[in-house]
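# Fold and contact review
Residue strings, one per chain:
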Amino acid sequence: QLWILKLAALCPVPDGWEFKFDELSMAAVFVDTSAGTASRHHPLDAFFAGLLERTMARHRTMEAVEMQKIGKPVTLGGSIAFFIDGSRGHPYWLKCGSGGGLASGPWAG
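Residues numbered from 1 in each chain as written. Predicted model: local features only at pLDDT ≥ 70, side-chain atom pairs only at ≥ 80, totals over all residues. Heavy atoms only, no water.

In this section: the overall build of the chain. If you tally the helices and strands in the chain, you get two helices and seven strands. Starting at the N terminus and ending at the C terminus, the chain contains elements arranged as α-β-β-β-α-β-β-β-β. When the 109 residues of the chain are sorted by exposure, 17% land in the buried category. In the chain, the proportion of contacts linking residues at least 24 apart, taken out of those at least 6 apart, comes to 20%. Entry remark: accessible area of the chain is about 8,100 Å², with carbon and sulfur atoms responsible for 62%. (Helix = DSSP H or I, 4+ residues; strand = E, 2+ residues; numbered from the N terminus. Buried < 20%, exposed > 50% of the residue type's maximum accessible area, 1.4 Å probe, protein only. Contact = heavy atoms within 4.5 Å. Areas by Shrake-Rupley, 256 points an atom, 1.4 Å probe, with all protein chains shown as cover.)

So, in structure tokens, the structure goes:
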């Protein structure tokens, strides 16, 4: 995913936008010349953030498939793990509650 960050850092501003540097605040400013508005965010920040999230989600999905193939639990976030029940081949979930309790059951997703 490092390639996405490199691409975002080197991406020029789109047509109709100008890069300015505010010497008082020492911050970058991006000016939309057609709308006459300014922002501290690059006009394509949302695009690259979405691209990074989709790439990471795809990576997590592929990692989950590989973990399930070898029979290991797949952790999503910090509190839920999904796994395949080896005896029946059904997906199950395990959730660690905030109060220290555990819950589990068949995955209905």
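Structurally, His42 can be placed in the loop between β3 (37-39) and α2 (45-69). Within the structure, the side chain of His42 is placed 3.0 Å from the backbone nitrogen of Leu44, a separation counted as a polar contact. Contacts of His42, omitting those with residues within four sequence positions, involve Cys11, Pro12, Val13, Pro14 and Phe30. (Polar contact = N/O pair within 3.5 Å; in protein donor to acceptor, adjacent residues only side chain to side chain.)

Moving on, we get to the environment of Ser25. Along the polypeptide, Ser25 turns up in the loop between β1 (17-22) and β2 (27-32). A polar contact is formed between the side chain of Ser25 and the side chain of Asp22, at a distance of 2.9 Å.

Pairing in this open sheet of three strands is antiparallel, and the strands run β1-β2-β3 from one edge to the other. Lying at the two open borders of the sheet, with one neighbouring strand each, are β1 and β3. Ignoring which end each strand starts from, the neighbouring axes of this sheet average 30 degrees apart. In the sheet, β2 pairs with β3 via three bridges, with the strands oriented antiparallel. Note on β3: the bridge partner recorded for Asp32 is Thr37. (Pairing = 2+ DSSP bridges. Axes fitted to C-alpha atoms, helices over the stretch in contact; angles between N-to-C directions.)

When you line up the elements, Pro43 lands in the loop between β3 and α2. Through-space distance from the C-alpha of Pro43 to that of Val31 is 9.1 Å; in sequence the pair is twelve residues apart. Apart from residues lying up to four places away in sequence, Pro43 is in contact with Val13, Pro14, Trp17 and Phe30.

All right, on to the confidence of the model for the chain then. In this model, the chain carries an average pLDDT of 74, and 64% of its residues clear a pLDDT of 70 or more. Note on residues 78-83: pLDDT under 50 across the span, and 26 contacts to partners over four residues away in sequence or across chains. Here residues 96-109 scores under 50 on pLDDT; set against residues more than four positions off or in separate chains, the count is 20 contacts. (pLDDT = per-residue confidence, 0-100.)

Scanning all chains against the criterion turns up one salt bridge. Glu18 serves as the salt-bridge partner of Lys20, at 3.2 Å between the closest nitrogen and oxygen. The exposure class of Glu18 is partly exposed, given its relative accessible area of 34%. (Salt bridge = Lys/Arg side-chain N within 4 Å of Asp/Glu carboxyl O.)

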